[in-house]
Amino acid sequence: MTNIKVRFAPSPTGYMHIGNTRTALFNWLLAKKLGGKFMLRIDDTDKLRSKEEYELSLRDSLKWLGLVWEEEARQSARFDRYNEVVEQLKKEGRIYACYETAEELEFMRKRLMNKGLPPIYDRSSLKLTAEQIAAYEKEGRKPHYRFKLVDGEIKWNDMVRGEVKYEAKNLSDPIIIREDGSYLYHLPSVIDDHDFGITHIVRGEDHVTNTASQVQMFEALGGSVPTFAHLPLLTGKEGKLSKRLGSLGVRELKAQGVEALAICSFLAKLGTSESIEPFYDLESLAQSLDLSKIGRSQPKFDVEELETFNTKFIHGAPYEYVKGRINADENFWNAVKGNLTYVQDITAWEDICHKEVAPVIEDATFTKQAADLLPPEPWNEETFNAWVNEVKAQTGKKGKDLFHPIRKALTAQENGPELKILMPLIGREKAYKRLNGITA
RNA sequence: GGUCCCAUCGUCUAGCGGCCUAGGACAUCGCCCUCUCACGGCGGUAACGCGAGUUCGAGUCUCGCUGGGAUCACCA
């Protein structure tokens, strides 16, 4: 048996958002489902754009989501290793120096496009003579490096797309080292996956052509090629995802009060043939994972749907799920949860029970009468029914006329949890005053 | 433009030639339950992008069209 290991490899150039989260989540779930390890890899090869602030935030978000990792690595700490591999591949002729400037490449691409041709690099640097190279060097030009793709068919069996095939000639040799000597993502990623023994890679389908060239890199390193799964990209309500969702960060959702597990449940099932339903622990969500149930078309992500689902998630949440996060006991939670949009809203009901409330009096005569009928304490859940029956008998009120004025006097709210639960918590003193229109 | 992917109710989808007068879930609407809201129960509205072809028969196969998306970066 091979040791299953998957990774999430964000570059710390931004905050955790819905797209990121989905990728991280699927990788994590797959690791759990297969009984493997989950690794966090910080892809910080781009020194200019990488920021510690982002990395810290990414870590926070992952932890909050529950996507904990057992192992981690950082690309900026592994340049020696990358250099070593590059030297070897240069010797093997798989990496070659190029002297075109960015402007020249840009121009070449445009020219090809205008002619209706695919903008594929023509490998002209490979044909440079020693004299030409010397001349460039003298001019002060520094080379950048490309990985040379070998001709032929590249194929792999994708866990969501099935068999995927590419013709190498339709691909450009990827640039792997910049003119300034810094690394681009492609090769380091492969070296890491190879060195750390990554067996499965789940990522967005925007990576499929990268995968094609990376398959050849894995082969060049002499290792086995991991199993790939390319997820269809999420789209937004009106088209593109990134812009609108770029602002939709995990931090914002958290601040809003959206449950981490609601986000995970939602994201894990969106775009699959399974229905989106609440999972109150990641482990069972992982067990339910089935990549073959992911559709091939792009699902629409709508924040409002997430919010609606989150509410449903809370309404169905067992006490165990919130235990430790709230002060209330199981009884109170079960009575109130159906009236909550976010877990934190429970404090509003606690306040109604324990803090001052300015009652809303609809029928002063009636509520005053009801106050006088209040039984002596101790009160329990039976108290309300006994009392309300007595009030009914004495006043002749029933139905909405009976309950509504009482509810509004006691809680100042139009609706809420069952009064029989709330009443003992409010207590006789406050109840008496509130029914008499006194803030208490 | 090249390459690749996609196209069924508002949304996510089932459907792999007859079992489809197209099924489920979410959303929505109505009714019931109920002191309110929520839950729950019952029921309703609602879809195969277009055009050819293959076939006794097409949502299902083929081709074309149209429409989306990805990629073709010295970003990841």
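A brief structural summary. Worth saying up front: this structure is predicted, and the values here are computed from it rather than measured. (Residues numbered from 1 in each chain as written. Chains lettered and ligands numbered in written order. Predicted model: local features only at pLDDT ≥ 70, side-chain atom pairs only at ≥ 80, totals over all residues. Heavy atoms only, no water.)

## What about the environment of Glu 137?
So, step 1. When you line up the elements, Glu 137 lands in helix α5 (residues 130–139).
So, step 2. Looking at Glu 137, the relative accessible area reads 41%, which means it is partly exposed.
So, step 3. For Glu 137 and Ile 406, which are 269 residues apart along the polypeptide, the C-alpha to C-alpha distance reads 89 Å.
So, step 4. If we ignore the near neighbours within four places in the chain, the residues touching Glu 137 are Tyr 99 and Pro 143. (Helix = DSSP H or I, 4+ residues; strand = E, 2+ residues; numbered from the N terminus. Buried < 20%, exposed > 50% of the residue type's maximum accessible area, 1.4 Å probe, protein only. Contact = heavy atoms within 4.5 Å.)

## Remarks on the protein's contact with RNA strand B
So, step 1. By nearness alone, 53 residues border RNA strand B, and Arg 49, Gly 116, Arg 178, Gln 298 and Asn 339 come closest of all.
So, step 2. Among the atoms of RNA strand B lying within 4 Å of the protein, the sugar-phosphate backbone contributes 76%.
So, step 3. Every element with two or more residues in the surface near RNA strand B is listed here: α4 (102–114), α7 (208–220), α12 (303–315) and α18 (399–411).
So, step 4. Class assignment for the residues of the surface near RNA strand B results in 13 nonpolar, 22 polar and 18 charged. (Near = heavy atom within 4 Å. Nonpolar A, V, L, I, M, F, W, Y, C, P; charged D, E, K, R; others polar.)

## Some thoughts on the sheet that holds strand β4 (residues 95–98)
So, step 1. Strand order across the open sheet formed by three strands is β4-β5-β8, with antiparallel pairing between neighbours. Only two strands of the sheet have a single partner each, and these edge strands are β4 and β8 (175–177). For this sheet, the mean angle separating the axes of adjacent strands, direction not counted, is 45 degrees.
So, step 2. When strand β5 (residues 144–147) meets β8, the two strands line up antiparallel, connected through two bridges. Pairing of Arg 146 across the sheet is with Ile 175, part of β8.
So, step 3. Across the sheet, helix α3 (residues 79–91) is in contact with β4, β5 and β8; its angle to β4 comes to roughly 90 degrees. (Pairing = 2+ DSSP bridges. Axes fitted to C-alpha atoms, helices over the stretch in contact; angles between N-to-C directions.)

## Structural notes on the pattern of salt bridges
So, step 1. Going through the model one piece at a time under the given rule, you end up with 30 salt bridges.
So, step 2. Asp 193 is the partner of Arg 41 in a salt bridge, and the nearest nitrogen-oxygen pair spans 2.9 Å. Of this pair, Arg 41 sits in strand β2 (residues 37–42) while Asp 193 sits in helix α6 (residues 186–195), and the two are 152 residues apart along the sequence. By the burial criterion, Arg 41 is buried, and Asp 193 matches it.
So, step 3. Here Lys 110 makes a salt bridge to Glu 106, at a shortest N to O gap of 3.6 Å. Here the residue Lys 110 and the residue Glu 106 both occupy positions in helix α4, the gap between them amounting to four residues, near one helical turn.
So, step 4. Relative accessible area serves as the criterion here: at 37%, Glu 106 is assigned to the partly exposed category. (Salt bridge = Lys/Arg side-chain N within 4 Å of Asp/Glu carboxyl O.)

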